[in-house]
Amino acid sequence: MPRYWLQCFECQARQQTENTSFRCEKCGGLLEVKFNLSDRSPNWKKRSLSVWKYKELLPIDRQESIVSLGEGGTGLHHCKRLGKKLGLKKLYVKNEGENPTGSFKDRGMTVAVSKAVEQHRKRVICASTGNTSASLAAYSAKAGLDCIVFIPKRKIAPGKMIQVIMHGARIVEVDGDFDKALEIVVKLVADRRDLYLMNSVNPYRLEGQKTLGFEIHDQLDGQPPDTVILPVGNGGNISAVWKGFNELQQLGLSKDKPRMIGIQAAKAAPIVHAIRNHASRVLPVANAETIATAIRIGSPVNWPKVLRAIRDSHGTAETVTDIQILNAQAQLARDEGIFVEPASAASIAGLEKMVEDRKIDRKDTIVCVTTGHGLKDPSIIDRIPSSKQFYTLTGNNTDQLNKQLF
Ligand code: F0G
């Protein structure tokens, strides 16, 4: 029996070959990597926290293929001050902004770029709202791969844009949103074998991202939290983390699994609509809009995986407004010293809303995943909720300043 294989998420067909679009050769469904978990008892305890700590459960065959910038091992911060305000004793933030390029994408990219190297690929491609392209550009630079990214014109946060440019990727600006950019990229790869697709339909990427779940479990001393809250865009991350918790259970390392809660921006919330309506499919939202540009997505390609993660875990999905996102972003920064980008703050905003609506048990252990660093998006500087922070020193009049300050 092989260590791992590709299987259809929908019809379970084991894939004989790998096509460029990462779709099932039988039914066209999404693919996932399946591991033979029966004879595996990995001894992880002595290794330090990182994505590659869990290498037995990552689909890379040769150590020499690994392209790493030191991803994973991010902090799980016990948020006592914010928790107290919300009446929660066990509130944690898993801060993915601490990754090498400042977002959780690095977990997936180290694995997918390693796979590209292992398969002797030379050229990688993605569509992106910013972080995927920043991460892919960096890992491609490290691996010496030709990197092409498709991004929605003028809708990428400046911190992400500078990363893509700095790492030397070639950039195609699309007149349209992320959904259109991804559609074009998927069409392109279908016709060309020399392009390796790096969006989250690439199942190898999600394998790296599942280590987020492994790390949370490790950092809570081998206990799963009751609830994990994540921002949802294309839906790769919430599905990957859920897969991670499932594998821990199958390995006998964890009895329970958390409930998964997905947060979307109110005007970009196709998953939330489907969950609320008990729908079997996710209908795309046209003209998705939010200040959290990272999750400005109307047609999430991983929707079948997201629906299953939320429903199987007895979780749910919630919307938050841009104002709620901006308030939560400032609150986390001011109460806990953690500066995250707007999309990441959606998880905190969603928690706050659910606490208010009494949809969260205050005794629970709750982990909010903050997915990207605050410096990614300085463009929101004029929209930071105001508090008295600026003072003026006129001439040398320190007496007057003293009066103002103290
Ligand atoms: N948070 C941030 C900061 C993101 O950049 C993304 C996705 C998400 C959350 C949502 O994750 O798509 O797995 O549900 N950004 C992608 C990109 C789409 O291109 O960088 P998801």
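In this text the structure is predicted, and so the values were computed from the model without any measurement.

Undergrad: Just to check I follow, could you spell out the sheet that holds strand β7 (residues 170-174) for this structure?
TA: Two pairing modes exist for strands in a sheet, parallel and antiparallel, and in both the strands are linked by backbone hydrogen bonds. With respect to topology, four strands assemble into an open sheet ordered β7-β6-β5-β8, the strand pairing being parallel. A strand with exactly one partner marks an edge of an open sheet, and here the two such strands are β7 and β8 (196-197). Bridge analysis of strand β6 (residues 146-152) against β7 gives five bridges, and the strand direction is parallel. Counted as the bridge partner of I148 is R170 from β7. Across the sheet, helix α5 (residues 178-191) touches β5 (123-127), β6, β7 and β8, and the angle it forms with β5 is around 150 degrees.

Undergrad: Before we go on, may I ask you to explain the site of the ligand in this structure?
TA: Around the ligand, a shell composed of 22 residues is seen, among which S128, G233, N234, T371 and G372 lie nearest. Going through the elements one at a time, α3 (131-143), α8 (236-250) and α12 (342-356) are the ones with two or more residues in the shell around the ligand. Residues that form the shell around the ligand fall into these classes: five nonpolar, 15 polar and two charged.

Undergrad: For this particular structure, what's the right way to read the sheet that holds strand β11 (residues 316-320)?
TA: Strand order in the open sheet made by the six strands is β3-β4-β12-β9-β10-β11, with mixed pairing throughout. Whereas interior strands pair on both sides, the edge strands pair on one side only; in this sheet they are β3 (76-78) and β11. When strand polarity is set aside, the average angle formed by the axes of neighbouring strands in this sheet is 25 degrees. Bridge count between strand β9 (residues 227-231) and strand β10 (residues 259-265): five bridges; the pairing is parallel. Considered in β10, the bridge of L230 is made with G262. On the sheet, α8 packs against β9 and β10 and is oriented at approximately 155 degrees with respect to β9. Strand contacts of α12: β9, β10, β11 and β12 (365-370), with the helix running at about 130 degrees to β9, the strand carrying the most contacts.

Conventions and cut-offs
Residues numbered from 1 in each chain as written. Predicted model: local features only at pLDDT ≥ 70, side-chain atom pairs only at ≥ 80, totals over all residues. Pairing = 2+ DSSP bridges. Helix = DSSP H or I, 4+ residues; strand = E, 2+ residues; numbered from the N terminus. Contact = placed C-beta atoms within 7 Å. Axes fitted to C-alpha atoms, helices over the stretch in contact; angles between N-to-C directions. Near = placed C-beta within 6 Å. Nonpolar A, V, L, I, M, F, W, Y, C, P; charged D, E, K, R; others polar.

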